[in-house]
Amino acid sequence: DERGAVVRDLVGRELLITAGGTREDLDPVRFLANHSSGRQGWALAHAALVRGARVRLAAANVALETPPGAQRLDLGSAAELAETVAAHRGKVDALVMAAAVADFTAAGKSDAKIKKDESDPDSVPTLALRRTEDILRSSVLDRGDAERPAIVGFAAETGGDGVSALELARAKARRKGADLLVFNDVTSGVFGAADNAVRILDREGEELATAEGTKTQVAHAVLDELVGRLPQVP
Ligand code: CTP
Ligand code: CA
């Protein structure tokens, strides 16, 4: 609360938090990746644990120490993350999709290392890609009319071309159908940074709250909004 006391408002609750960035193998030595460090997902896990929750932490390539008390599930690719989320989302009160998930993966992973053509110094390979599963969207669809789990998405957007980052985030909130969409304006870059500023939107794209400060402060602001949207305790 405002005096800095710990609010134990997640006792008896279980959260599945995804964190980090997926890697899509191209060949035995190379992959497509992104800049996500896992810090926001980690901050969410720490904050949820402090508030009394049990936490399953699906970690995609995160080089950080496991938050004490979290059940860590390590994985690499978007397909592995989709599998992990599908296996666990039915057992938790909330799914928090903080991971940066690859939108594209190799259409066919090469079993052999991709080699340069030594006879032609200008030749380059063409990478064939295909779309990955939208895990957030499929989790919303899988839930259907059930109220469990509550679902939180994240969106880092850049504005431009006459459309603001906020407008894009509002449209994404409506498209995804998650209970909350945490929107981060990255027009000037944030990955790996300690501080953060977000707007928390509902599924209609309406703004519920804003938060700025450390990733821990942002995490608590997200949990503040989530706690009232958790399914009824049976
Ligand atoms: N997400 C997901 N599965 C994917 C891609 C994204 O579950 N294959 C989740 C992310 O974890 C995040 C949310 O969807 O919580 C929004 O991710 P974002 O990349 O902003 O959305 P996309 O629909 O992929 O749109 P864009 O084309 O802007 O990348
Ligand atoms: Ca994406």
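Residues numbered from 1 in each chain as written. Chains lettered and ligands numbered in written order. Predicted model: local features only at pLDDT ≥ 70, side-chain atom pairs only at ≥ 80, totals over all residues. Heavy atoms only, no water.

S.K.: Can you walk me through the pairing of strand S1 (residues 14-20) in this structure?
M.R.: Along any regular strand the residues' side chains alternate between the sheet's two faces. With seven of seven residues buried, S1 is to be regarded as a mostly interior element. Taken together, the four bridges between S1 and strand S6 (residues 94-97) define a ladder with parallel strand orientation. Counterpart to leucine 16 in the pairing with S6 is leucine 95. (Buried < 20%, exposed > 50% of the residue type's maximum accessible area, 1.4 Å probe, protein only. Helix = DSSP H or I, 4+ residues; strand = E, 2+ residues; numbered from the N terminus. Pairing = 2+ DSSP bridges.)

S.K.: Got a minute to help me understand the coordination of the calcium ion (ligand 2) in this structure?
M.R.: Each angle at a metal carrying four tetrahedral donors should ideally be 109.5 degrees, and each at a metal carrying six octahedral donors should ideally be 90 or 180 degrees. Protein coordination at the calcium ion (ligand 2) comes from Asp103 (OD) and Asp103 (OD), with a distance range of 2.4 to 2.6 Å. Tracing the chain through its elements places aspartate 103 in the loop between S6 and strand S7 (104-106). (Donors = N, O, S within 2.8 Å, 3.2 Å for Na, K, Ca; no water.)

S.K.: I keep staring at the UniProt feature "binding site: CTP" (unreviewed entry) in the chain and nothing clicks. Help me out?
M.R.: According to UniProt, the feature "binding site: CTP" (unreviewed entry) maps to Asp103, Lys113, Phe154, Lys172 and Lys176 in the numbering used here. Taken together, the annotated residues stretch across 74 residues and extend over separate regions, lying up to 37.7 Å apart by C-alpha. Lining the largest pocket, from the residues named above, are Asp103, Phe154, Lys172 and Lys176. The topology assignment puts lysine 113 in the loop between S7 and strand S8 (129-131). Residues contacting lysine 113, with those up to four places away along its chain left out, are Asp27, Pro28, Val29 and Arg30. Within the secondary structure, phenylalanine 154 is located in strand S9 (residues 150-157). Classification of phenylalanine 154 as partly exposed rests on a relative accessible area of 24%. Beyond its immediate chain neighbours, meaning those up to four positions away, phenylalanine 154 contacts Gln40, Leu44, Val96, Met97, Ala98, Leu181 and Val182. (UniProt positions renumbered as here; feature names shortened; annotations may be inferred. 1 Å grid on protein atoms, 1.4 Å probe; cavity = no way out; pocket = protein on both sides within 12 Å on 5 of 7 lines; lining within 4 Å. Contact = heavy atoms within 4.5 Å.)

S.K.: It is not clear to me how the site of ligand 1 should be interpreted in this structure. Could you clarify?
M.R.: Among the 15 residues in the neighbourhood of ligand 1, the closest are listed as Met97, Glu133, Leu136, Lys172 and Lys176. Backbone polar atom of alanine 99 to an oxygen atom of ligand 1: 2.8 Å apart, as the coordinates give it. Between a nitrogen atom of ligand 1 and a main-chain N or O atom of isoleucine 135, the distance comes to 3.0 Å. Listing elements by their share of the shell around ligand 1, those giving two or more residues are helix H3 (135-143), S9 and helix H4 (165-176). Top contributing element to the shell around ligand 1 by residue count: S9, with three residues. In terms of residue class, the shell around ligand 1 is built from eight nonpolar, two polar and five charged. (Near = heavy atom within 4 Å. Polar contact = N/O pair within 3.5 Å; in protein donor to acceptor, adjacent residues only side chain to side chain. Nonpolar A, V, L, I, M, F, W, Y, C, P; charged D, E, K, R; others polar.)

S.K.: Which parts of the structure should I look at to understand the pattern of salt bridges?
M.R.: Scanning all chains against the criterion turns up 16 salt bridges. Aspartate 74 serves as the salt-bridge partner of arginine 72, at 3.0 Å between the closest nitrogen and oxygen. Residue arginine 72 is classed as partly exposed on the basis of its relative accessible area of 22%. Note on aspartate 74: relative accessible area 54%, which makes it exposed. Across the pair glutamate 207 and arginine 199 runs a salt bridge whose closest N-O atoms are separated by 2.9 Å. What makes glutamate 207 partly exposed here is its relative accessible area of 35%. Salt bridges sharing partners connect three or more residues here, namely Asp9, Arg51 and Asp224. (Salt bridge = Lys/Arg side-chain N within 4 Å of Asp/Glu carboxyl O.)

S.K.: So what exactly am I meant to see when it comes to the layout of surface pockets here?
M.R.: Any space left empty among the atoms is revealed by the rolling of a water-sized probe across them. When its volume is computed, the largest pocket comes out at roughly 1100 Å³. Lining the largest pocket are 42 residues, with Ala99, Ala100, Val101, Phe154 and Ala156 sitting closest to its centre. Listed by contribution, the elements that provide at least two residues to the lining of the largest pocket are S1, helix H1 (39-50), S8, H3, S9, H4, strand S10 (180-185) and strand S11 (195-201). The biggest single contributor to the lining of the largest pocket is S9, with five residues. In terms of residue class, the lining of the largest pocket is built from 20 nonpolar, 13 polar and nine charged. Of the pockets and cavities examined, the second largest pocket occupies roughly 240 Å³. Along the walls of the second largest pocket sit 16 residues, with Glu24, Ser77, Ala79, Thr105 and Arg130 positioned nearest its centre. Mapped by element, the contributors of at least two residues to the lining of the second largest pocket are strand S2 (24-27), helix H2 (78-88), S7 and S8. Top contributing element to the lining of the second largest pocket by residue count: H2, with four residues. A per-class count over the lining of the second largest pocket returns four nonpolar, four polar and eight charged. (Points joined across faces, edges and corners; volume = space filled by probe spheres on them.)

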